[in-house]
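Spelled out, the chains give:
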Amino acid sequence: NAGVMQNPRHLVRRRGQEARLRCSPMKGHSHVYWYRQLPEEGLKFMVYLQKENIIDESGMPKERFSAEFPKEGPSILRIQQVVRGDSAAYFCASSPQGGTGGIYEQYFGPGTRLTVT
Amino acid sequence: AQSVTQLDSQVPVFEEAPVELRCNYSSSVSVYLFWYVQYPNQGLQLLLKYLSGSTLVESINGFEAEFNKSQTSFHLRKPSVHISDTAEYFCAYSGTYKYIFGTGTRLKVLA
């Protein structure tokens, strides 16, 4: 059973370009979470998605960032018009169950390291 | 506000010596606690977790952590470290689906 897959592993973008980060959850998992790790900091929650639904996006910056998890295909984290401050490692996690009332172990992918030049 | 504090950003220790990585959390609700390990340029791997039951939890590679509710702590310990334990260790807590992570402790095992 393959783990959580993320691609690309490394992404370099110039200021103003768009970045698209992909996450394929573990087989059988329908809940996806995105976290961002800024240099010298811990991971910070960004967004929680189920298939075709955003459950909680309270950690997402209000502008330029969006996320989706379509019925078919991977979850996508999109950052438009990137700035230097977006340089970070972005981690995706998935769980087999979810919801707002319980705790379900999350399995993390290897991350995408975004560098904005 | 809910938070996790890892006071030590770096911990150097000699091989075969014991180590303790400290973690304190702040929460007024039931918590679930985790330790993750991150090797260079890799993702996070779950080391151990406390969900309920026995307050002492162990991993397969010799680490253990004890949940102490009165001190709101979940310190990670290993009686004898190996060079291969060199990595960054993150403590995390969750009351719901959101994991709250500490800033990490870099464990450096010296020969």
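Scroll up a little and you will see the structure.
Structural notes, computed from the coordinates. (Residues numbered from 1 in each chain as written. Chains lettered and ligands numbered in written order. Predicted model: local features only at pLDDT ≥ 70, side-chain atom pairs only at ≥ 80, totals over all residues. Heavy atoms only, no water.)

Judged by nonpolar contacts, the single largest core of 27 residues is most densely connected at Leu33, Trp35, Leu47, Leu48, Phe74, Leu76 and Tyr89 of chain B. Of all the secondary structure elements, the ones that give two or more residues to this core are strand E2 (10-14), strand E3 (19-21), strand E5 (32-38), strand E6 (44-50), strand E8 (64-68), strand E9 (73-78), strand E10 (87-94) and strand E12 (105-110) of chain B. Looking at which element gives the most residues to this core, the answer is E10 of chain B, with four residues. Those residues in contact with Leu48 of chain B that sit more than four places away from it in its chain are Leu33, Phe34, Trp35, Val57, Glu58, Ser59, Phe63, Glu64, Ala65, Phe74 and Leu76 of chain B. Core analysis: the second largest hydrophobic core is formed by 23 residues, Met26, Val32, Val47 and Cys92 of chain A among them. (Core = buried A, V, L, I, M, F, W, Y, C linked by side-chain atoms within 4.5 Å. Buried < 20%, exposed > 50% of the residue type's maximum accessible area, 1.4 Å probe, protein only. Helix = DSSP H or I, 4+ residues; strand = E, 2+ residues; numbered from the N terminus. Contact = heavy atoms within 4.5 Å.)

All names here are of chain A. By the definition in use, this model includes two disulfides over all chains. Linked covalently through their sulfurs, Cys23 and Cys92 form a disulfide whose S-S length is 1.7 Å. Residues Cys23 and Cys92 are joined through a disulfide that is left-handed, its torsion about the S-S bond being -50 degrees. A residue pair is termed long-range when its members are at least 10 positions apart, and Cys23 in strand E3 (residues 19-24) and Cys92 in strand E9 (residues 88-95) qualify at 69 residues. The buried category is assigned to Cys23, whose relative accessible area is 0%. (Disulfide = S-S within 2.5 Å.)

On to the environment of His10 of chain A, then. Note on placement: His10 of chain A falls in strand E2 (residues 10-13). For the pair His10 of chain A and Thr112 of chain A, spaced 102 residues apart in the sequence, the C-alpha separation amounts to 5.5 Å.

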